[in-house]
Amino acid sequence: EGTPHPPQEEWSFSGPFGGFDRAQLQRGFKVYREVCASCHGLNRVAFRNLGEPGGPEFSEAQITALAAEYQITDGPGEDGEMFDRPGRPSDRFPPIYPNEQAAAAANGKAPPDLSLIAKARTYERGFPLFILDIFTQYQTQGPDYIHALLTGYTEPPQGFEVPAGTHYNAYFPGHVIAMAKPLSDGQVTYDDNAPATVDQYARDVTAFLMWAAEPHMEQRKRIGFQVMIFLIGFALLLYFTKKKIWHEVE
Ligand code: HEM
């Protein structure tokens, strides 16, 4: 039996003009940090990125304090040895495990780094949808999948054998996943009045991971739109120029 398609969700960042919701990105980071970060790295993201325009936009003071909570391996020092020091905004999130083997040993399977996961995952849309998607700008297959995965821990159907050390998930290809259900209601305390539910956590952390995978999305869409306007104007100018130059020639 195949894996069902993730339902298409509403995202603030979908479509040609969609942008990120800052409060949602900040909540999503909280979920990443308090839940996912015990297993999953974020090794392409630097602390300072969390303060840049188009992202969660934490303040400089918040980022300096956050970075200092992490221990970063640096060196070699004067004695030729590596040493740990508190993080600075320019550091990246340190790895969770020393290497892949240790990560796999602790979890049955190595949890993938989440920096690019929102762009790295998708699913088969099939003809003709994959062609129409170009026109409707449906670019949130990855987020739809992550949200479905996080909310997709259901009872296995009658007679489905779930091997020891694995879990049944409705949306994971093959349904047998090494990650246990990571989220439960009330697990993360939000400072705003967003609901403390699995569905909301999944949405927020997915939005955060989408930003991590494409931190310049807002800028890209803005510039892309300006370029389209320019090209239309330029095409018109060329057209009338051509008319004028050639108006005496049949
Ligand atoms: C796999 C997200 C928490 C362990 C994954 C995948 C995603 C993900 C997107 C990839 C699935 C795929 O390959 O298509 C998250 C998020 C979390 C979270 C957003 C927090 C809300 C955790 C925690 C653990 C964990 C707390 C460990 C206790 C794993 C493992 C895999 C995995 C072992 C590999 C599963 C496999 O390939 O069978 N996670 N995860 N995750 N995660 Fe998590």
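In short, a report on the structure.

Cut-offs used in this document
Residues numbered from 1 in each chain as written. Predicted model: local features only at pLDDT ≥ 70, side-chain atom pairs only at ≥ 80, totals over all residues. Heavy atoms only, no water. Helix = DSSP H or I, 4+ residues; strand = E, 2+ residues; numbered from the N terminus. Buried < 20%, exposed > 50% of the residue type's maximum accessible area, 1.4 Å probe, protein only. Donors = N, O, S within 2.8 Å, 3.2 Å for Na, K, Ca; no water. Tetrahedral: all angles 85-135°; square planar, octahedral: opposite > 155°, others 65-115°. Patch = residues over 30% accessible without salt bridge, like charges linked within 9 Å, V, L, I, M, F, W, Y side chains within 5 Å. Areas by Shrake-Rupley, 256 points an atom, 1.4 Å probe, with all protein chains shown as cover. Salt bridge = Lys/Arg side-chain N within 4 Å of Asp/Glu carboxyl O. Contact = heavy atoms within 4.5 Å. Axes fitted to C-alpha atoms, helices over the stretch in contact; angles between N-to-C directions. Parallel < 35°, antiparallel > 145°, perpendicular 65-115°, else oblique. Nonpolar A, V, L, I, M, F, W, Y, C, P; charged D, E, K, R; others polar. Phe/Tyr/Trp six-rings, centres within 6.5 Å; stacked < 30°, edge-to-face > 60°. Left-handed = near helix turned anticlockwise from the far one by under 90°.

Turning to unusual backbone geometry, a few remarks are in order. A cis amide bond, omega 0°, links Gly75 with the succeeding residue Pro76. Summarising the element assignment, Pro76 is placed in the loop between strand S1 (71-74) and strand S2 (83-86). At the junction of Phe127 and Pro128, the peptide bond is cis and its omega measures out at 0° in the coordinates. Among the structural elements, Pro128 can be located in the loop between helix H4 (117-120) and helix H5 (129-136). Positive phi values are uncommon outside glycine, yet Glu57 reaches one of about 55°. Assignment of secondary structure puts Glu57 in the loop between helix H1 (22-34) and helix H2 (60-68). In this structure Glu57 comes out as partly exposed when scored by relative accessible area, which is 35%. Phi angles above zero are rare outside glycine, and His175 is one such case at about 70°. Along the chain, His175 turns up in the loop between strand S3 (167-168) and strand S4 (176-177). A residue is classified by how much of its surface remains accessible, and His175, at 4% relative accessible area, is buried.

Quick look at the coordination of the iron atom of the ligand now. Those protein atoms acting as donors to the iron atom of the ligand are His40 (NE2) and Met179 (SD), and they sit at 1.9 to 2.0 Å. Considering all six donor atoms around the iron atom of the ligand, angles at the metal cover 85 to 177° and the coordination shape is octahedral. Pair noted here: His40 is in the loop between H1 and H2 and Met179 is in the loop between S4 and helix H7 (198-213), with a separation of 139 residues, a long-range link. Note on His40: relative accessible area 10%, which makes it buried.

We now examine a nonpolar patch on the surface. A cluster of nonpolar residues, Ile223, Val227, Met228, Phe230, Leu231, Phe234, Leu237 and Leu238, forms a patch on the protein surface that exposes about 780 Å² of accessible area. With respect to the helices, strands and loops of the structure, Phe230 is situated in helix H8 (residues 217-245).

Attention shifts here to helix H6 (residues 141-150). Counting buried residues in H6 gives ten out of ten residues, a clear majority hidden from the surface. Considered for burial, the residues of H6 that qualify are Gln141, Gly142, Pro143, Asp144, Tyr145, Ile146, His147, Ala148, Leu149 and Leu150. Lining the buried residues of H6 we find H4, H5, S4 and H7.

This part takes up the packing of H1 against H7. Relative orientation of the contacting elements H1 and H7 amounts to 100°, with a least axis distance of 7 Å. It follows from the interaxial angle that H1 and H7 lie roughly perpendicular. Seen from H1, the contacting residues are Gln24, Leu25, Arg27, Gly28, Phe29, Val31 and Tyr32; seen from H7, they are Gln200, Tyr201, Arg203, Asp204, Val205, Ala207, Phe208 and Trp211. Grouping the amino acids of the contact of H1 with H7 by side-chain chemistry returns nine nonpolar, three polar and three charged.

Moving on, we come to the packing of aromatic side chains. This model, assessed by the stated rule, comprises 17 aromatic pairs. Measuring from ring centre to ring centre gives 5.3 Å for Trp11 and Phe13, while their planes differ by 20°; the resulting arrangement is stacked. The two residues Trp11 and Phe13 agree in class, both being buried. Each member of the aromatic cluster is reached from another via a ring pair, and the members are Phe29, Tyr32, Phe47, Phe58, Tyr70, Phe93, Phe208 and Trp211.

This part takes up the packing of H6 against H7. Packing of H6 against H7 leaves a shortest axis separation of 9 Å and a crossing angle of 145°. Read as a crossing pair, H6 and H7 show a hand that is right-handed. Only Val198, Asp199, Ala202, Arg203, Val205, Thr206 and Met210 of H7 make contact with H6, whose side of the interface consists of Pro143, Ile146, His147 and Leu150. Looking at the contact of H6 with H7 residue by residue, the classes come out as seven nonpolar, two polar and two charged.

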